[in-house]
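# Observations on chain architecture
For reference, the chains in residue letters:
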Amino acid sequence: MCLTRAWDNPMQFVLACVSYAVGLGNVWRFPYLCQMHGGGGFLIPYLLMLVLLGVPLFYMELAIGQKMHLGSIGAWRAISPYLGGVGLASVVTSMYLCLYYNVINAWSFWYLFHSFQSVLPWAECPVNSNLTGHVEECERATPTQYFFYRETLDISGSIEENGGIHMGQALCLLLAWMIVYLFIVKGVKSTGKVVYFTATFPYLVLIIYLIRGVTLHGAINGVKYMFTPKMEQLANPTTWINAATQIFFSLGLGFGSLIAFASYNQYNNNFEKQAIIVSMVNSSTSIFASIVTFSIYGFKATFNYESCLERVRLLLLNTFDLSEDTISLENVNHWIAELNRTHPEQFANLGGRLETCDLEAELDTAVEGTGLAFIVYSEAIKNMPVSQLWSVLYFIMLLLLGMGSMLGNVIAVITPLSDLKFISRYMRWTRVCLVCLFCLLLGLGFTTRSGNYWFTMFNDYGATFSLLFIVLIEVITVCYIYGIKRFEKDVEDMLGHRLNWYWKIMLAGVSPMLLITLFIFYIVNYIQGGTPTYQAWNKELGKSVVTEYPPYAQAFIGLLLASSVCCIPLTALYTYCKKRNLASGKRERTVSA
């Protein structure tokens, strides 16, 4: 690889890694895992996995990329011709990620464009066609859910109900891919300039949101909920698996992006220091973003809780003909017990109209992924003063986080492909254009009425299994095929000093054992989990219901799980057969001569 295609300075490389690693997962997946696995107690397995897996493997991928100055395919093929499939598997996995990840950016554009209205469209239910009331589906759900599932996705009732392309979403997806193309078309010279903005501006928005969030009524309830540890979750193996998986996705291990980024470094760049800095920044951002998220979440939960209490208060006042100031939000529960004791028959007539208000239950309602980013946040934003401003800031932040990660995803595909002779003869802009166009055309499938279900499938099954396998093969290759001593000598050539005991112990022993354990746990959990399911939107109920995937979708899941992993043995087999045929041809020519 020509070093004229290099970062202008080490800071550009660090910012590119930060922009890639710090993404949407820090804002929505990490807070969800904290909520699901014991609040502050989840930080224990998370930080342990960071030290035992995340930092060593991050270090290893940067070292390989900087040493070989090649993309993932070329780097692993340079170590052994039989290992080109490792890089190919990374490219396939990154391609899957490219297909659906930019759809999130399209949603962010959609919400951003709809934020410039006097009343946010997800703040209240639209009027029905007869102008006699609100749309029933919206009333059964909530305005924010209705806007996401009906206006944004126009979602079908199941994955089996197909429909046409949502033109608004298709245009937003086209815009997202055009921006990605412009960001990377000139290589690191353009990408290096972009990351100054994509890596830093989200922090400014997060700080603004933190200041606003902690001043919201009820924010402290969410923050206290986050940092209240439930230590019994440490005995749950799933907690440890999810902690490791979050480290993998958050740092971008196994996708080939880090190898591609590092391949543009100068040979003597201090990647060791950079690996530690980026890993620490990424994890600190996850914790920081969680404080912001839980302050917003606490506000939303408190708002819903007090709205519930107000409805109960008005119901009691109207039913029992009490004066307005008799019951307050603070003594509603006291009056429920008192009226039930003094007027049992009249109280019994309330029936299902009397709601049960519970702040803890509101906080316990775990919402993952797009639900947290586009429903919970939107619901909280609509109740803020000057909600349009907070909406614009939030969705610009989501866009920058998403775009920063997309740069790494696309570079992970383009860089190794550029190292292949039959592709490298094309101009760079042509290669970038073809990759972006290919992903755009396939990505249009996610903008159909059933597209969100396929999006969920790719998100759940497109990368986790393959990443575990890819990184396991990588670390075994470096330590036991390439050789830890040879790797140590390469590090000494680049950095001027040998590997210290921490890197040796982690890479040669602890990390491989943990990866094997996680790989086995994943397979066992998948087998024991039974038929895969997804959340299908039921417009009659106004909520999502658990539904089993149909047989053809289950077959596609199996294809997703196996397709990238199969690249490794199939490429090794192809290389073996090719070498054998060449050897046979040489022997035949020798005999005939």
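For the structure, check the block above.
Note that this is a predicted model, so its numbers are computed, not measured.

## A word on the pattern of salt bridges
Summed over the entire model, instances satisfying the criterion amount to 11 salt bridges. The residue Arg 498 makes a salt bridge to Glu 492 at a minimum N-O spacing of 3.5 Å. For Arg 498, a relative accessible area of 45% corresponds to the partly exposed category. Put simply, Glu 137, Arg 150, Asp 154 and Arg 449 are held in one network by salt bridges that share partners.

## Some points on the state of the cysteines
In a disulfide, the sulfur atoms of two cysteines are covalently bonded to one another. Overall, the coordinates contain 2 disulfides when judged by the stated rule. A sulfur-sulfur separation of 1.9 Å characterises the disulfide bridge that pairs Cys 308 with Cys 357. Classification of the bridge connecting Cys 308 and Cys 357 rests on its S-S torsion, roughly -80°, and on that basis the disulfide is left-handed. Of this pair, Cys 308 sits in helix α14 (residues 271–320) while Cys 357 sits in the loop between α16 (344–348) and α17 (359–364), placing them 49 residues apart in sequence.

## So, the packing of aromatic side chains
A full pass over the atoms with the stated rule returns 44 aromatic pairs. Taking the centre distance of 5.8 Å and the plane angle of 50° together, the rings of Phe 458 and Phe 556 count as tilted. With a gap of 98 residues between them, Phe 458 in helix α22 (residues 451–461) and Phe 556 in helix α26 (residues 551–592) connect regions that are remote in the sequence. Using a relative accessible area of 8% as the deciding quantity, one classes Phe 458 as buried. For Phe 556, a relative accessible area of 27% puts it in the partly exposed group.

## Focus: the nonpolar core
In this structure, Leu 57, Trp 177, Tyr 209, Phe 374 and Phe 487 are the most contacted members of the largest nonpolar core, which totals 180 residues. Considering every element that reaches this core, the biggest residue donor is helix α5 (residues 84–113), with 19 residues. If we ignore the near neighbours within four places in the chain, the residues touching Trp 177 are Cys 98, Asn 102, Met 406, Val 410, Cys 436, Cys 439 and Leu 440. Formed by 15 residues, the second largest nonpolar core is a distinct cluster that contains Leu 315, Leu 317, Phe 320 and Leu 339.

## Quick look at the pairing of strand β1 (residues 533–538)
When β1 meets strand β2 (residues 543–548), the two strands line up antiparallel, connected through 6 bridges. Pairing of Thr 533 across the sheet is with Glu 548, part of β2. Here β1 folds back onto β2 in antiparallel fashion, the turn holding 4 residues, of which Gly 542 has a positive phi close to 70°.

## So, the packing of helix α12 (residues 237–251) against helix α23 (residues 464–481)
In helix packing, the relevant descriptors are the interaxial angle and the interaxial distance, both defined with respect to the helix axes. Contact pair α12 / α23: the axes reach a minimum separation of 11 Å and the direction vectors enclose 85°. Between α12 and α23, the crossing angle belongs to the class labelled roughly perpendicular. Between α12 and α23, the residues in contact are Thr 245, Phe 248 and Phe 249 and Thr 464, Leu 467, Leu 468 and Val 471, respectively. Partitioning the contact of α12 with α23 into residue classes produces 5 nonpolar, 2 polar and no charged.

## Here's the deal with unusual backbone geometry
Not every positive phi belongs to a glycine, and His 69 is a case in point at roughly 50°. Within the element layout of this structure, His 69 appears in the loop between α3 (43–68) and α4 (72–79). According to the relative accessible area criterion, His 69 is buried, its value standing at 10%. Unusually for a residue other than glycine, Val 386 sits at a positive phi of about 50°.

The rules we used
- Residues numbered from 1 in each chain as written.
- Predicted model: local features only at pLDDT ≥ 70, side-chain atom pairs only at ≥ 80, totals over all residues.
- Heavy atoms only, no water.
- Salt bridge = Lys/Arg side-chain N within 4 Å of Asp/Glu carboxyl O.
- Buried < 20%, exposed > 50% of the residue type's maximum accessible area, 1.4 Å probe, protein only.
- Disulfide = S-S within 2.5 Å.
- Helix = DSSP H or I, 4+ residues; strand = E, 2+ residues; numbered from the N terminus.
- Phe/Tyr/Trp six-rings, centres within 6.5 Å; stacked < 30°, edge-to-face > 60°.
- Core = buried A, V, L, I, M, F, W, Y, C linked by side-chain atoms within 4.5 Å.
- Contact = heavy atoms within 4.5 Å.
- Pairing = 2+ DSSP bridges.
- Axes fitted to C-alpha atoms, helices over the stretch in contact; angles between N-to-C directions.
- Parallel < 35°, antiparallel > 145°, perpendicular 65-115°, else oblique.
- Nonpolar A, V, L, I, M, F, W, Y, C, P; charged D, E, K, R; others polar.

Function-wise, these values are silent; they only describe arrangement.
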